[in-house]
Structures are given as C-alpha cells and as structure tokens.
Amino acid sequence: MQTFDVVIIGGGIVGSSIAWHLTAAGCKRVLVIERESAQGKGSTGKSMGGVRAQFSTPVNIQMSLYSIPFYARFDETLGHPAGYRPQGYLFLATRQAHLDYLRANFARQEALGLEEVRMISTEEIAAMLPQLRSDDILGGSFCPTDGFVDPYSAMNGFMAGAQEHGATLWKKTEVAGITTDPRGVTGVETSRDPVSARVVVNAAGAWASEVARTAGIHLPVEPLRRMLVPSEPFDEFPHTSPMVIDMSNGFHFRPEARGFLLAWNDPEETPGYKTDFEPSFIEKILNHAANRVPAFENLAVNPKRAWAGLYEMSPDHHAILGEVPELPGFYLANGFSGHGVMHAPATGKILSDLILEGNTAVVSDVSVLGFQRFAKGALLHETAVL
Ligand SMILES: Cc1cc2nc3c(=O)[nH]c(=O)nc-3n(C[C@H](O)[C@H](O)[C@H](O)COP(=O)(O)OP(=O)(O)OC[C@H]3O[C@@H](n4cnc5c(N)ncnc54)[C@H](O)[C@@H]3O)c2cc1C
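Residues numbered from 1 in each chain as written. Predicted model: local features only at pLDDT ≥ 70, side-chain atom pairs only at ≥ 80, totals over all residues.

Chemist: Help me get a handle on the packing of helix α1 (residues 13-24) against helix α5 (residues 151-164), residues and values and all.
Modeler: Between α1 and α5, whose axes approach to 8 Å, the crossing angle comes to 35 degrees. The chirality of how α1 crosses α5 is left-handed. Contacts from Ile-13, Ser-16, Ser-17, Ala-19, Trp-20 and Thr-23 in α1 reach Pro-151, Ala-154, Met-155, Phe-158, Met-159, Gly-161 and Ala-162 in α5. Here the contact of α1 with α5 is built from residues that sort into nine nonpolar, four polar and no charged. (Axes fitted to C-alpha atoms, helices over the stretch in contact; angles between N-to-C directions. Helix = DSSP H or I, 4+ residues; strand = E, 2+ residues; numbered from the N terminus. Left-handed = near helix turned anticlockwise from the far one by under 90°. Contact = placed C-beta atoms within 7 Å. Nonpolar A, V, L, I, M, F, W, Y, C, P; charged D, E, K, R; others polar.)

This is how it looks when you write it as structure tokens:
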C-alpha cells in the first residue's frame, strides 16, 4: 500500500490550491484524488470567476485580503496564468436598507485594511456607466481591485505547480471511504488502491457531505443549482465594465469575451444534484437584464451555450475549514456557498498552515469557520451571497 503525508479528496480549485500551498511549504508527499477523467468537471469549471473583497463579515473579508493580492501575483509566483482582471465590483443600492448595509460593510472592509473600496454616488455611477437605468439607484459601493479570474486556468496552475514540487494526482479514481483507527484517520479506500495517510482533506465541493458520511461525520453541505447565461457579442455596453450587482433583485453581470455573462440566483431554486440548464430561466434573466440596462433589450443569447452548476451551501453561507475534532487527521475545506474560487488561495494557505503548524495568521480567528460551530450553534451570518 502506498503511503502519503496528506491525501486530498477532490481535484477542483480548492484541492489544487491546498496541494500547491502544502508543497510550497515543503510537504511533498501529497496525493490528490479526483474521480473524473479531467479536473474542473465539478463546480470550478462552471464558475463565473468573480473575485471580491466586498463582504460583510470580517472572516470573509480577510479571506479575500489574502486571495485577491495572491491572484494579482499568481502568474509570477506560480509561472502559470490565473487571468486576474481587476475590473471591480459595483454594487447598486435601490433601497435605503441596501445603502446602510453597504456603508456598514465599507467601514468594516476599510478597518480591516482594504484601501481601494469606496462608496459611490448615483451621479458617479451614471457617469461611470451611462447605459445603466439609474432613476431608482440611491448610490452604491465600488472596489476596483475586485474583478475576475479564469477559474479553470487558476486550478490548472495550482495543480501544475504542486506537481512540479512533488505532488501526485490520480485521476479517474473515486474515494469510496475513509479508514480510521482509535487514533484517527489512517487513509482512504479508493476505486484504485487503498492509500495510507494520517491526514485526509475533504475538498469534494458539492459532494463533500457524501465523502464525510463515509467517515461517520454529518457535514451540513448541500448542493444548490446556479445557472449562467452568456450573451452573443454585444458592443452597446463597455467591456471594461466591472461586475455590476443590482441589489433590487440580485441580478448581476460581467463582460465575458465579446459579450456578457448574466447571473441571477433564482430564489425558487431548491437543493439537489441538478445540473441540467432550465430553458425557462432565460426569459426571467433577460427581463432583469433589460430592466437594469435598457440596451440589453437587444442582447442575443443562445440557450445551447448556457449552463448550470452547483453551489456547495453551508447553513450560514461560510466555508467550513479545519480539522474535525471527533476525527483527528480529517480536515475539511468545504461549504464555500459560491465563493470557492475567490477564496481558494486563502483556503490553501489556511489548510496548509493548520496541517503543518496547527495555526494560521491568514484570518484573525480561524476557529469561527470550524466544524464545531454547528454543534455549538455559533453560526456566522453573511448576507452578501451572490
Ligand atoms: C454557476 C456558478 C457560478 C459561480 N461563480 C463563482 C464566482 O463568481 N466566484 C467564486 O468564487 N465562486 C463561484 N462559484 C463557486 C465555485 O465554483 C466553487 O465554490 C468552487 O469551484 C469550489 O471548488 P472545489 O474545488 O471545492 O469544488 P469542485 O470544483 O466541485 O471540485 C470538487 C472535486 O471533487 C471531486 N470529487 C467529489 N467526490 C469525490 C470522490 N468521492 N472521490 C474523488 N473525487 C471526488 C469532483 O469530481 C470535483 O472535481 C460558482 C459556482 C457556480 C456553479
């Protein structure tokens, strides 16, 4: 039986970042196990690639304060591209409650060291993007270092870098179970060979609860379908635009290739492993689009190019990170609730720090993200979920 120091279950962007951070810190005997024939077939390849530090809770803001500068230096650090484009995120408030919320978040973000974020007036918004309908906009917030990355490319860069440092990737291999003894984790059973390791990391994305169940752990992570609609080439809106978020209904969009990528989280969506695209979604999202950008009345979309993927929802919309107290050696990197791409760099560093050092300085108190918060009823609340 082969022995590794760390086995990572799942070769998406989170597993890949953990592998890179571990090997960069000198832990070389790392095995990543991915059941698909290629990486990126889970949520990572379906993502919109948005990265932002405009969150409401300190821990999410701090995760972004590590991750976004990391993405900015990614290409020179790893020698592979992540496609970071700092075009910003622009939140549009249409009610006083939104504006109060953005102001409170802005104060928290600034206090934690985010220098670039600012509140922005209706007039500035109208001057920045005159194509927006702004008669109901009361103001907003804008952070120019927020923006987009190419998730697939970043995932591949992390994994290539990890492999250059000695990590091993097994594809087409499914983890069927986690093995234990009275001291904790002893390894994994797989569709290939069993593997021995005293540290096993669950980075199985929307499937994380199934992996945890094999170790007798109830992990509260649920899959939730999200759909994206890309447009055909369109020139009546600037391609330098930030991600624009209409807070009146959650509709958001960003430039993508020669067109735009449209997103909206349908509140009627229910949990489940649904990855089929629902054609009736197109009419709903185009209504929201034309409501905020009148020129989008003429936006052409091809339903065949639209797609669906899964968010990995936790009960409080925050990641679940760290060792499971009941099972020494079993680490979680789960429950990103739609933020796994933007928080992958911080997650990789945090998991590597926790595994190798037992603590981390990436966030001021990593225990708030621990699995034990559910048993204690100490849930966090992040309302800025997109
Ligand atoms: C439509 C959409 C838009 C999104 N937009 C954004 C965005 O703008 N910004 C952002 O930050 N995030 C976004 N997300 C969320 C983001 O994509 C995820 O949070 C992130 O990709 C999670 O990465 P992961 O590596 O944990 O999961 P995944 O990429 O799903 O990887 C998990 C891997 O584990 C493998 N696996 C599962 N079970 C097993 C097993 N038993 N054995 C072996 N392998 C296994 C799977 O095959 C998969 O490859 C979006 C998601 C969707 C669906």
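Chemist: I'd love a proper account of the sheet that holds strand β14 (residues 222-230), names of residues and values included.
Modeler: Sheet architecture is open: eight strands sit in the order β6-β7-β5-β15-β16-β17-β14-β18, paired in mixed fashion. Among the strands making up the open sheet, the edge pair consists of β6 (118-120) and β18 (307-313). The average angle at which neighbouring strand axes cross in this sheet is 25 degrees, direction not considered. The pairing of strand β5 (residues 89-93) with strand β15 (residues 243-246) spans four bridges and is parallel. Looking at the pairing, Leu-90 lines up with Val-244 of β15. Across the sheet, helix α7 (residues 281-292) touches β14, β15, β16 (252-256) and β17 (259-263), and the angle it forms with β14 is around 60 degrees. (Pairing = 2+ DSSP bridges.)

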